[in-house]
Amino acid sequence: MRRSSFLIGGAAVSGLATLSARSRALAQETITEPFANGARPLGSFPQKRPLIVLTSRPPQLETPFRLFNEGVFTPNDAFFVRWHLAGIPTKVDGRAFRIKVHGLVDNELALSIDDLRRGFEPVEIPAVCQCSGNSRGFFNPRVPGGQWANGAMGNARWRGARLGDVLKRAGVKAGAVQVRFNGLEMPVLPTTPDFIKALDMDLATSPDVIVAYEMNGGNLPLLNGFPVRLVVPGYFATYWVKMLDDIEVIAAADQNFWMKTAYRIPAVGDGCIQPGQTTPTTPITKMRVRSFITSLADGDKISGGRRRVQGIAFDGGSGIARVDFSSDGGATWTQAALGADYGKYSFRQWSVALDAQAGRSYHLACRATAHDGAVQPATACWTPGGYLRNIIESLSVSAG
Ligand SMILES: Nc1nc2c(c(=O)[nH]1)N[C@H]1C(S)=C(S)[C@@H](COP(=O)(O)O)O[C@H]1N2
Ligand SMILES: [Mo]
(Lines give C-alpha, C1' and ligand atoms only; values in the text may rest on other atoms or scores of the structure.)
(Ligands and ions follow the chains in the order given, each with its own letter.)
Protein backbone atom coordinates (compact mmCIF):
# COMPACT_ATOMS: atom_id res chain seq x y z
CA MET A 1 0.00 0.00 0.00
CA ARG A 2 2.92 2.30 -0.72
CA ARG A 3 0.89 4.81 -2.62
CA SER A 4 -1.71 5.20 0.10
CA SER A 5 0.81 5.56 2.90
CA PHE A 6 2.43 8.62 1.46
CA LEU A 7 3.93 11.00 3.99
CA ILE A 8 5.61 14.32 3.56
CA GLY A 9 9.25 13.93 4.61
CA GLY A 10 10.78 15.63 7.64
CA ALA A 11 12.45 18.46 5.80
CA ALA A 12 9.30 19.27 3.89
CA VAL A 13 7.24 19.17 7.06
CA SER A 14 9.37 21.71 8.85
CA GLY A 15 9.36 23.67 5.59
CA LEU A 16 5.61 23.92 5.69
CA ALA A 17 5.74 24.99 9.33
CA THR A 18 8.05 27.89 8.57
CA LEU A 19 6.66 28.80 5.21
CA SER A 20 6.94 32.54 5.39
CA ALA A 21 10.59 32.50 6.39
CA ARG A 22 11.42 29.97 3.71
CA SER A 23 9.56 31.63 0.90
CA ARG A 24 11.15 34.96 1.78
CA ALA A 25 14.59 33.41 1.87
CA LEU A 26 14.08 31.65 -1.46
CA ALA A 27 12.52 34.58 -3.23
CA GLN A 28 15.40 35.31 -5.54
CA GLU A 29 13.07 36.00 -8.40
CA THR A 30 10.14 38.37 -8.65
CA ILE A 31 7.25 38.52 -11.09
CA THR A 32 5.34 41.72 -11.72
CA GLU A 33 1.71 41.21 -12.67
CA PRO A 34 0.28 43.81 -15.07
CA PHE A 35 -1.76 45.72 -12.46
CA ALA A 36 -0.96 48.12 -9.62
CA ASN A 37 0.80 46.45 -6.65
CA GLY A 38 1.50 43.45 -8.85
CA ALA A 39 5.05 42.66 -7.66
CA ARG A 40 5.18 39.08 -6.36
CA PRO A 41 8.01 36.87 -5.11
CA LEU A 42 8.45 33.35 -6.38
CA GLY A 43 8.60 30.87 -3.50
CA SER A 44 9.44 27.21 -2.98
CA PHE A 45 6.92 25.04 -1.14
CA PRO A 46 6.89 21.28 -0.50
CA GLN A 47 6.28 19.23 -3.68
CA LYS A 48 6.11 22.41 -5.75
CA ARG A 49 8.42 24.10 -8.21
CA PRO A 50 8.79 27.86 -7.59
CA LEU A 51 5.35 29.47 -7.81
CA ILE A 52 4.09 33.03 -7.42
CA VAL A 53 3.41 33.72 -3.73
CA LEU A 54 0.29 35.74 -2.88
CA THR A 55 0.32 34.72 0.77
CA SER A 56 2.31 32.03 2.52
CA ARG A 57 0.10 31.46 5.56
CA PRO A 58 -2.30 30.15 4.40
CA PRO A 59 -0.52 29.22 1.17
CA GLN A 60 -1.89 30.94 -1.93
CA LEU A 61 0.37 30.17 -4.87
CA GLU A 62 -0.18 31.09 -8.49
CA THR A 63 1.07 29.22 -11.57
CA PRO A 64 3.36 31.41 -13.75
CA PHE A 65 1.31 31.86 -16.90
CA ARG A 66 3.93 30.70 -19.41
CA LEU A 67 3.60 27.17 -17.96
CA PHE A 68 0.18 26.87 -19.60
CA ASN A 69 1.95 26.79 -22.95
CA GLU A 70 3.86 23.62 -22.10
CA GLY A 71 1.01 21.16 -22.32
CA VAL A 72 -2.73 20.72 -22.02
CA PHE A 73 -2.35 19.30 -18.48
CA THR A 74 -0.82 21.30 -15.65
CA PRO A 75 1.92 19.31 -13.84
CA ASN A 76 1.16 18.58 -10.18
CA ASP A 77 4.22 20.49 -9.01
CA ALA A 78 3.13 23.56 -10.99
CA PHE A 79 -0.56 23.44 -10.00
CA PHE A 80 -1.80 26.54 -8.16
CA VAL A 81 -2.63 26.38 -4.45
CA ARG A 82 -5.31 28.13 -2.45
CA TRP A 83 -6.24 27.55 1.19
CA HIS A 84 -8.48 29.75 3.32
CA LEU A 85 -7.38 28.60 6.76
CA ALA A 86 -3.82 28.35 8.02
CA GLY A 87 -4.36 25.28 10.23
CA ILE A 88 -3.35 22.83 7.48
CA PRO A 89 -1.87 19.46 8.55
CA THR A 90 1.79 19.34 7.54
CA LYS A 91 1.54 15.58 7.03
CA VAL A 92 -1.29 13.16 6.44
CA ASP A 93 -1.02 9.40 6.94
CA GLY A 94 -2.84 8.00 3.92
CA ARG A 95 -3.24 4.58 5.60
CA ALA A 96 -4.94 5.90 8.71
CA PHE A 97 -7.07 8.40 6.78
CA ARG A 98 -10.83 7.77 6.75
CA ILE A 99 -13.64 9.59 5.02
CA LYS A 100 -16.70 9.66 7.21
CA VAL A 101 -20.06 9.51 5.40
CA HIS A 102 -22.92 10.37 7.74
CA GLY A 103 -26.08 12.40 8.29
CA LEU A 104 -29.28 11.36 6.51
CA VAL A 105 -28.01 7.90 5.51
CA ASP A 106 -28.98 4.30 6.32
CA ASN A 107 -25.39 3.18 6.97
CA GLU A 108 -22.64 5.47 8.21
CA LEU A 109 -19.36 4.76 6.41
CA ALA A 110 -15.71 5.26 7.33
CA LEU A 111 -13.87 4.69 4.05
CA SER A 112 -10.12 4.23 3.75
CA ILE A 113 -8.31 5.27 0.58
CA ASP A 114 -8.00 1.56 -0.18
CA ASP A 115 -11.77 1.13 0.18
CA LEU A 116 -12.25 3.98 -2.28
CA ARG A 117 -9.76 2.50 -4.76
CA ARG A 118 -10.97 -1.10 -4.59
CA GLY A 119 -14.61 -0.88 -3.60
CA PHE A 120 -15.83 1.48 -6.30
CA GLU A 121 -15.55 1.69 -10.07
CA PRO A 122 -12.64 4.06 -10.83
CA VAL A 123 -13.34 6.93 -13.20
CA GLU A 124 -10.88 9.40 -14.68
CA ILE A 125 -12.00 12.85 -15.77
CA PRO A 126 -9.81 15.60 -17.25
CA ALA A 127 -11.10 18.83 -15.74
CA VAL A 128 -10.11 22.44 -15.15
CA CYS A 129 -9.91 23.57 -11.53
CA GLN A 130 -10.25 27.37 -11.52
CA CYS A 131 -10.48 29.57 -8.44
CA SER A 132 -13.58 31.78 -8.43
CA GLY A 133 -11.22 34.70 -7.88
CA ASN A 134 -8.91 33.90 -10.78
CA SER A 135 -7.95 37.19 -12.51
CA ARG A 136 -9.32 39.29 -9.63
CA GLY A 137 -6.28 41.58 -9.80
CA PHE A 138 -7.53 42.86 -13.17
CA PHE A 139 -10.81 44.17 -11.75
CA ASN A 140 -11.42 47.85 -12.29
CA PRO A 141 -12.35 49.22 -9.83
CA ARG A 142 -10.31 46.83 -7.73
CA VAL A 143 -12.09 44.55 -5.24
CA PRO A 144 -10.81 42.97 -2.02
CA GLY A 145 -9.59 39.36 -2.01
CA GLY A 146 -6.58 37.50 -3.36
CA GLN A 147 -5.07 39.60 -6.15
CA TRP A 148 -4.54 36.80 -8.67
CA ALA A 149 -3.52 37.33 -12.25
CA ASN A 150 -4.70 34.57 -14.62
CA GLY A 151 -2.80 31.65 -13.09
CA ALA A 152 -5.23 30.52 -10.37
CA MET A 153 -6.33 27.65 -12.57
CA GLY A 154 -5.02 24.31 -13.78
CA ASN A 155 -6.10 21.29 -15.79
CA ALA A 156 -5.55 17.73 -14.55
CA ARG A 157 -6.72 14.17 -15.05
CA TRP A 158 -8.60 13.38 -11.84
CA ARG A 159 -9.15 9.75 -10.91
CA GLY A 160 -11.41 8.54 -8.17
CA ALA A 161 -14.74 7.07 -7.14
CA ARG A 162 -18.05 8.64 -8.07
CA LEU A 163 -19.53 10.52 -5.12
CA GLY A 164 -22.92 9.14 -6.26
CA ASP A 165 -21.63 5.55 -5.83
CA VAL A 166 -20.34 6.36 -2.34
CA LEU A 167 -23.70 7.90 -1.40
CA LYS A 168 -25.53 4.89 -2.84
CA ARG A 169 -23.41 2.62 -0.62
CA ALA A 170 -24.39 4.70 2.41
CA GLY A 171 -28.05 4.76 1.34
CA VAL A 172 -29.46 8.28 1.21
CA LYS A 173 -32.65 8.68 3.23
CA ALA A 174 -35.78 10.50 2.11
CA GLY A 175 -35.67 14.22 2.86
CA ALA A 176 -32.04 14.70 1.81
CA VAL A 177 -31.52 18.15 0.29
CA GLN A 178 -27.77 18.72 0.14
CA VAL A 179 -24.45 17.04 0.78
CA ARG A 180 -21.91 18.96 2.87
CA PHE A 181 -18.14 18.59 2.58
CA ASN A 182 -15.42 19.33 5.12
CA GLY A 183 -11.64 18.81 4.96
CA LEU A 184 -8.98 18.12 7.57
CA GLU A 185 -7.69 21.67 8.04
CA MET A 186 -8.82 23.92 10.87
CA PRO A 187 -9.11 27.64 11.45
CA VAL A 188 -6.36 29.17 13.57
CA LEU A 189 -8.85 31.10 15.70
CA PRO A 190 -12.02 29.50 17.10
CA THR A 191 -14.09 32.42 15.80
CA THR A 192 -13.13 31.77 12.15
CA PRO A 193 -15.72 29.57 10.41
CA ASP A 194 -14.40 26.16 9.31
CA PHE A 195 -14.20 25.78 5.52
CA ILE A 196 -17.32 23.80 4.54
CA LYS A 197 -19.08 23.63 1.17
CA ALA A 198 -22.34 22.00 0.05
CA LEU A 199 -23.87 20.75 -3.19
CA ASP A 200 -27.51 20.08 -4.01
CA MET A 201 -28.45 16.39 -4.08
CA ASP A 202 -28.89 16.19 -7.87
CA LEU A 203 -25.43 17.62 -8.55
CA ALA A 204 -23.81 15.53 -5.80
CA THR A 205 -25.20 12.33 -7.33
CA SER A 206 -24.46 13.27 -10.95
CA PRO A 207 -21.95 10.89 -12.58
CA ASP A 208 -19.03 13.30 -13.08
CA VAL A 209 -18.62 14.40 -9.46
CA ILE A 210 -15.83 12.30 -7.97
CA VAL A 211 -13.88 11.79 -4.78
CA ALA A 212 -10.42 11.91 -6.37
CA TYR A 213 -7.37 10.06 -5.04
CA GLU A 214 -5.17 10.65 -8.10
CA MET A 215 -4.14 13.69 -10.09
CA ASN A 216 -2.35 13.25 -13.43
CA GLY A 217 -1.60 9.63 -12.56
CA GLY A 218 0.04 10.33 -9.20
CA ASN A 219 -0.84 11.21 -5.65
CA LEU A 220 -2.32 14.62 -5.06
CA PRO A 221 0.33 16.96 -3.65
CA LEU A 222 -0.39 17.70 0.01
CA LEU A 223 -1.14 21.33 -0.84
CA ASN A 224 -3.69 20.20 -3.47
CA GLY A 225 -5.52 18.04 -0.94
CA PHE A 226 -3.72 14.72 -0.37
CA PRO A 227 -5.06 12.09 0.04
CA VAL A 228 -8.48 12.91 -1.50
CA ARG A 229 -10.41 15.88 -2.78
CA LEU A 230 -13.82 16.45 -4.23
CA VAL A 231 -13.81 17.16 -7.98
CA VAL A 232 -16.85 18.98 -9.36
CA PRO A 233 -16.11 19.31 -13.08
CA GLY A 234 -17.35 22.54 -14.64
CA TYR A 235 -17.85 24.21 -11.27
CA PHE A 236 -15.54 26.79 -9.74
CA ALA A 237 -12.88 25.31 -7.46
CA THR A 238 -14.45 26.57 -4.25
CA TYR A 239 -16.53 23.34 -4.23
CA TRP A 240 -13.50 21.08 -4.80
CA VAL A 241 -12.93 20.42 -1.08
CA LYS A 242 -9.39 19.20 -0.32
CA MET A 243 -8.24 16.68 2.30
CA LEU A 244 -11.90 15.63 2.28
CA ASP A 245 -12.61 13.61 5.43
CA ASP A 246 -16.26 14.39 6.11
CA ILE A 247 -19.30 13.95 3.85
CA GLU A 248 -22.65 14.70 5.46
CA VAL A 249 -26.10 14.35 3.91
CA ILE A 250 -28.31 17.15 5.24
CA ALA A 251 -32.03 17.93 5.24
CA ALA A 252 -31.89 21.66 4.42
CA ALA A 253 -29.70 24.01 2.42
CA ASP A 254 -26.44 24.60 4.30
CA GLN A 255 -26.25 27.97 6.06
CA ASN A 256 -22.56 28.16 6.94
CA PHE A 257 -20.43 31.22 6.14
CA TRP A 258 -18.79 29.76 3.00
CA MET A 259 -22.18 29.10 1.38
CA LYS A 260 -24.39 31.83 2.85
CA THR A 261 -22.00 34.79 2.87
CA ALA A 262 -18.89 34.05 0.82
CA TYR A 263 -18.58 32.89 -2.80
CA ARG A 264 -21.78 34.51 -3.96
CA ILE A 265 -22.52 36.41 -7.15
CA PRO A 266 -25.24 38.94 -8.00
CA ALA A 267 -28.53 37.14 -8.62
CA VAL A 268 -29.49 39.42 -11.51
CA GLY A 269 -29.06 39.01 -15.26
CA ASP A 270 -25.77 37.34 -16.07
CA GLY A 271 -24.38 38.12 -12.61
CA CYS A 272 -22.33 41.12 -13.75
CA ILE A 273 -23.26 44.49 -12.25
CA GLN A 274 -22.16 48.13 -12.11
CA PRO A 275 -19.66 48.92 -9.35
CA GLY A 276 -21.59 50.15 -6.31
CA GLN A 277 -24.86 48.47 -7.29
CA THR A 278 -26.31 46.22 -4.59
CA THR A 279 -28.40 43.18 -5.45
CA PRO A 280 -29.55 39.91 -3.92
CA THR A 281 -26.91 37.20 -4.33
CA THR A 282 -26.72 33.49 -5.10
CA PRO A 283 -23.91 30.94 -4.68
CA ILE A 284 -21.39 30.89 -7.54
CA THR A 285 -21.71 27.72 -9.65
CA LYS A 286 -20.35 27.00 -13.13
CA MET A 287 -17.35 28.54 -14.80
CA ARG A 288 -17.77 30.88 -17.77
CA VAL A 289 -16.15 30.36 -21.16
CA ARG A 290 -12.57 31.69 -21.38
CA SER A 291 -9.58 31.53 -23.70
CA PHE A 292 -5.98 32.69 -23.49
CA ILE A 293 -2.98 33.07 -25.73
CA THR A 294 -0.22 31.05 -24.05
CA SER A 295 2.69 31.19 -26.52
CA LEU A 296 3.17 34.97 -26.36
CA ALA A 297 3.04 37.55 -23.60
CA ASP A 298 2.12 41.22 -23.79
CA GLY A 299 5.05 43.29 -25.00
CA ASP A 300 6.94 40.37 -26.60
CA LYS A 301 9.23 41.14 -29.52
CA ILE A 302 8.86 38.54 -32.24
CA SER A 303 10.77 37.96 -35.43
CA GLY A 304 9.08 38.64 -38.77
CA GLY A 305 7.68 35.72 -40.75
CA ARG A 306 5.08 33.02 -40.33
CA ARG A 307 4.68 31.60 -36.84
CA ARG A 308 2.18 29.61 -34.82
CA VAL A 309 0.35 31.29 -32.01
CA GLN A 310 -1.20 28.90 -29.52
CA GLY A 311 -3.44 28.99 -26.51
CA ILE A 312 -6.06 27.29 -24.39
CA ALA A 313 -9.82 27.54 -23.91
CA PHE A 314 -12.37 26.04 -21.54
CA ASP A 315 -15.85 26.61 -20.13
CA GLY A 316 -18.15 25.25 -17.44
CA GLY A 317 -18.68 21.88 -19.05
CA SER A 318 -20.39 22.25 -22.43
CA GLY A 319 -17.03 22.07 -24.18
CA ILE A 320 -15.31 24.42 -26.63
CA ALA A 321 -16.97 24.70 -30.04
CA ARG A 322 -14.57 27.20 -31.64
CA VAL A 323 -11.89 29.75 -30.96
CA ASP A 324 -11.46 32.83 -33.13
CA PHE A 325 -8.26 34.82 -33.33
CA SER A 326 -7.59 38.41 -34.28
CA SER A 327 -4.27 40.10 -35.01
CA ASP A 328 -5.78 43.55 -35.55
CA GLY A 329 -7.40 44.28 -32.21
CA GLY A 330 -10.68 42.55 -33.01
CA ALA A 331 -11.44 44.21 -36.38
CA THR A 332 -11.20 40.88 -38.21
CA TRP A 333 -11.23 37.31 -36.92
CA THR A 334 -10.03 33.96 -38.23
CA GLN A 335 -11.00 30.58 -36.84
CA ALA A 336 -8.22 28.77 -34.97
CA ALA A 337 -7.56 25.03 -35.24
CA LEU A 338 -8.56 23.13 -32.11
CA GLY A 339 -6.19 20.59 -30.57
CA ALA A 340 -7.00 17.14 -29.20
CA ASP A 341 -10.29 16.84 -27.33
CA TYR A 342 -9.80 15.55 -23.78
CA GLY A 343 -13.43 16.00 -22.88
CA LYS A 344 -15.83 18.82 -22.19
CA TYR A 345 -14.29 19.86 -18.85
CA SER A 346 -10.65 20.01 -20.01
CA PHE A 347 -8.50 22.80 -21.41
CA ARG A 348 -8.72 22.66 -25.21
CA GLN A 349 -5.59 23.80 -26.97
CA TRP A 350 -5.89 25.90 -30.11
CA SER A 351 -3.43 27.29 -32.64
CA VAL A 352 -3.34 29.63 -35.58
CA ALA A 353 -0.77 30.98 -38.06
CA LEU A 354 0.35 34.59 -37.77
CA ASP A 355 2.21 36.26 -40.62
CA ALA A 356 4.27 38.94 -38.92
CA GLN A 357 5.95 41.70 -40.89
CA ALA A 358 9.10 43.23 -39.46
CA GLY A 359 8.51 46.71 -38.13
CA ARG A 360 4.80 46.20 -37.41
CA SER A 361 2.92 45.79 -34.14
CA TYR A 362 0.08 43.35 -33.66
CA HIS A 363 -2.78 43.56 -31.21
CA LEU A 364 -3.68 39.90 -30.68
CA ALA A 365 -6.95 38.65 -29.22
CA CYS A 366 -8.76 35.31 -28.86
CA ARG A 367 -12.44 34.62 -28.39
CA ALA A 368 -13.89 31.23 -27.50
CA THR A 369 -17.41 29.98 -28.15
CA ALA A 370 -18.73 27.08 -26.10
CA HIS A 371 -21.07 24.34 -27.29
CA ASP A 372 -23.87 25.90 -25.23
CA GLY A 373 -23.55 29.01 -27.41
CA ALA A 374 -21.84 31.23 -24.82
CA VAL A 375 -19.20 33.58 -26.27
CA GLN A 376 -16.62 35.63 -24.41
CA PRO A 377 -17.69 39.28 -24.04
CA ALA A 378 -15.72 42.31 -25.23
CA THR A 379 -16.29 44.17 -21.97
CA ALA A 380 -15.28 43.06 -18.50
CA CYS A 381 -17.76 41.56 -16.08
CA TRP A 382 -17.62 43.31 -12.70
CA THR A 383 -18.74 41.58 -9.49
CA PRO A 384 -18.10 42.69 -5.89
CA GLY A 385 -16.36 39.37 -5.15
CA GLY A 386 -14.00 39.61 -8.10
CA TYR A 387 -15.57 36.58 -9.75
CA LEU A 388 -16.65 35.62 -13.29
CA ARG A 389 -14.07 37.55 -15.32
CA ASN A 390 -14.09 36.15 -18.85
CA ILE A 391 -13.43 39.13 -21.10
CA ILE A 392 -11.81 38.54 -24.50
CA GLU A 393 -8.10 38.58 -23.64
CA SER A 394 -5.70 40.59 -25.76
CA LEU A 395 -2.01 41.45 -25.90
CA SER A 396 0.36 43.38 -28.11
CA VAL A 397 3.55 42.18 -29.77
CA SER A 398 5.94 43.86 -32.17
CA ALA A 399 7.81 42.22 -35.00
CA GLY A 400 11.42 43.14 -35.59
N1 LIG B 1 -10.22 21.83 2.47
C2 LIG B 1 -10.21 22.88 1.65
N3 LIG B 1 -10.56 22.69 0.37
C4 LIG B 1 -10.55 23.72 -0.50
C5 LIG B 1 -10.23 25.04 -0.07
C6 LIG B 1 -9.87 25.21 1.29
O7 LIG B 1 -9.57 26.32 1.75
N8 LIG B 1 -9.87 24.10 2.12
N9 LIG B 1 -10.28 26.08 -0.96
C10 LIG B 1 -11.08 25.89 -2.18
C11 LIG B 1 -10.78 26.91 -3.19
S12 LIG B 1 -11.55 28.41 -3.00
C13 LIG B 1 -9.99 26.68 -4.26
S14 LIG B 1 -9.69 27.90 -5.42
C15 LIG B 1 -9.39 25.35 -4.48
C16 LIG B 1 -7.93 25.44 -4.79
O17 LIG B 1 -7.46 24.16 -5.14
P18 LIG B 1 -5.91 23.90 -5.28
O19 LIG B 1 -5.24 24.44 -4.06
O20 LIG B 1 -5.74 22.43 -5.45
O21 LIG B 1 -5.46 24.63 -6.52
O22 LIG B 1 -9.55 24.49 -3.35
C23 LIG B 1 -10.83 24.52 -2.79
N24 LIG B 1 -10.90 23.49 -1.78
MO1 LIG C 1 -10.95 29.83 -4.74
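Residues numbered from 1 in each chain as written. Chains lettered and ligands numbered in written order. Predicted model: local features only at pLDDT ≥ 70, side-chain atom pairs only at ≥ 80, totals over all residues. Heavy atoms only, no water.

Student: Please explain empty space enclosed by the protein as it appears in this structure.
Tutor: Picture a little ball the size of a water molecule; that probe, rolled over the atoms, points out where space is still empty. Throughout the structure, instances matching the rule amount to 3 cavities of 30 Å³ or more. The volume enclosed by the largest cavity comes to roughly 240 Å³. In terms of lining, the largest cavity is formed by 19 residues, of which the most central are Arg-82, Arg-229, Ala-237, Trp-240 and Lys-242. Its residues placed into classes, the lining of the largest cavity shows 11 nonpolar, 4 polar and 4 charged. Taken together, domain 1 (19-82) and domain 2 (99-283) each give at least three residues to the lining of the largest cavity, which thus spans both. Size it by volume and the second largest cavity reaches roughly 40 Å³. Lining the second largest cavity are Gln-130, Cys-131, Ser-132, Asn-134, Phe-236, Arg-288, Arg-290, Leu-388, Arg-389 and Asn-390. Taken domain by domain, the makeup of the lining of the second largest cavity includes at least three residues from each of domain 2 (99-283) and domain 3 (290-399). (1 Å grid on protein atoms, 1.4 Å probe; cavity = no way out; pocket = protein on both sides within 12 Å on 5 of 7 lines; lining within 4 Å. Points joined across faces, edges and corners; volume = space filled by probe spheres on them. Nonpolar A, V, L, I, M, F, W, Y, C, P; charged D, E, K, R; others polar. Domains from an automatic or database assignment.)

Student: When you look at the site of ligand 1 in this model, what are you seeing that I'm missing?
Tutor: Lining the immediate environment of ligand 1, one finds 18 residues, of which Phe-80, His-84, Glu-185, Arg-229 and Lys-242 sit closest. In this structure, an oxygen atom belonging to ligand 1 sits 2.8 Å away from a side-chain N or O atom of Asn-224. Structurally, ligand 1 is housed in the largest cavity. Among the residues making up the shell around ligand 1, the classes are represented as 11 nonpolar, 3 polar and 4 charged. Each of domain 1 (19-82) and domain 2 (99-283) accounts for three or more of the residues forming the shell around ligand 1. (Near = heavy atom within 4 Å. Polar contact = N/O pair within 3.5 Å; in protein donor to acceptor, adjacent residues only side chain to side chain. Sits in = over half its atoms within 2 Å of the grid points.)

Student: What is the right way to look at the sheet that holds strand E11 (residues 196-200) in this model?
Tutor: Sheet strands pair by backbone hydrogen bonding; their relative direction is either parallel or antiparallel. What the 5 strands build is an open sheet, ordered E7-E6-E14-E10-E11; its pairing is mixed. Single-partner strands in this sheet number two, and they are strand E7 (109-111) and E11. Pairwise comparison of adjacent strand axes, ignoring direction, gives a mean angle of 20° for this sheet. In the sheet, strand E10 (residues 178-183) pairs with E11 via 5 bridges, with the strands oriented antiparallel. When the bridges of E11 are listed, Gln-178 appears paired with Asp-200. Set on the sheet, helix H4 (residues 163-170) makes contact with strand E6 (99-103), E7, E10 and strand E14 (244-250); between it and E7 the angle comes to about 135°. (Pairing = 2+ DSSP bridges. Helix = DSSP H or I, 4+ residues; strand = E, 2+ residues; numbered from the N terminus. Axes fitted to C-alpha atoms, helices over the stretch in contact; angles between N-to-C directions. Contact = heavy atoms within 4.5 Å.)

Student: Is there a simple way to think about the side chain of Thr-238 in this case?
Tutor: Topologically, Thr-238 is positioned in the loop between strand E13 (229-231) and E14. Within the local environment of Thr-238, its side chain forms a polar contact with the side chain of Lys-197, the two groups lying 3.1 Å apart. Ignoring sequence-local partners within four residues, the contact set of Thr-238 consists of Ser-132, Phe-195, Lys-197, Tyr-263 and Ile-284.

Student: I keep staring at the environment of Pro-34 and nothing clicks. Help me out?
Tutor: Locating Pro-34 in the fold gives a position in the loop between strand E1 (30-32) and strand E2 (39-43). Judged by relative accessible area, which is 64%, Pro-34 ranks as exposed. In the structure, Pro-34 is positioned 104 residues away from Phe-138 in sequence and 8.1 Å away in space, judged by C-alpha atoms. (Buried < 20%, exposed > 50% of the residue type's maximum accessible area, 1.4 Å probe, protein only.)

Student: Any chance you could explain the pattern of salt bridges here in plain terms?
Tutor: One pass over the structure, following the stated rule, counts 13 salt bridges. Of the charged contacts in the structure, one is a salt bridge between Asp-77 and Arg-49, with a shortest N-O distance of 2.9 Å. Note that Asp-77 is positioned in the loop between strand E4 (59-62) and strand E5 (81-82) and Arg-49 in the loop between E2 and strand E3 (51-56), a separation of 28 residues in sequence. For Asp-77, a relative accessible area of 28% translates into the label partly exposed. Note on Arg-49: relative accessible area 25%, which makes it partly exposed. For Arg-118, the salt bridge is made with Asp-114, and the minimal N-O distance between the two is 3.3 Å. Placement of both Arg-118 and Asp-114 in helix H3 (residues 113-119) is noted, with a separation of 4 residues, approximately one turn of the helix. (Salt bridge = Lys/Arg side-chain N within 4 Å of Asp/Glu carboxyl O.)

Student: Is there a simple way to explain the pairing of E3 in this structure?
Tutor: Within a regular strand, the side chains alternate between the two sheet faces. Note that E2 and E3 share 2 bridges and pair antiparallel. Considered in E3, the bridge of Leu-42 is made with Ile-52. In terms of strand pairing, E3 meets E4 through 4 bridges, oriented antiparallel. Within the sheet, the bridge partner assigned to Val-53 lies in E4 and is Leu-61. Taken together, E3 and the strand that follows it, E4, pair antiparallel across an intervening segment of 2 residues.

Student: Would you explain the packing of aromatic side chains in this entry?
Tutor: Describing an aromatic ring pair means giving the distance of the ring centres and the angle of the ring planes. A full pass over the atoms with the stated rule returns 15 aromatic pairs. When the centroid spacing of 4.9 Å and the interplanar angle of 90° are considered together, the rings of Phe-257 and Trp-258 count as edge-to-face. Residue class for Phe-257 comes out partly exposed when judged on its relative accessible area of 35%. In this structure Trp-258 comes out as buried when scored by relative accessible area, which is 9%. On the basis of an interplanar angle of 55° and a centroid distance of 5.5 Å, the ring pair of Phe-314 and Phe-347 is categorised as tilted. In this pair, Phe-314 is assigned in strand E19 (residues 305-314) and Phe-347 in the loop between strand E22 (337-338) and strand E23 (348-356), connecting sequence segments 33 residues apart. Like Phe-314, the residue Phe-347 is buried in the burial classification. An aromatic cluster is built from Phe-65, Phe-68, Phe-292, Phe-314 and Phe-347, whose rings are joined through pairwise contacts. Over the aromatic face of Phe-73 sits the side chain of Arg-157, whose NZ or CZ is 5.7 Å from the ring centroid. Cation over ring: Lys-197 sits above Tyr-239, and NZ or CZ is 4.8 Å from the ring centre. (Phe/Tyr/Trp six-rings, centres within 6.5 Å; stacked < 30°, edge-to-face > 60°. Lys NZ or Arg CZ within 6 Å of the ring centre and 35° of its normal.)

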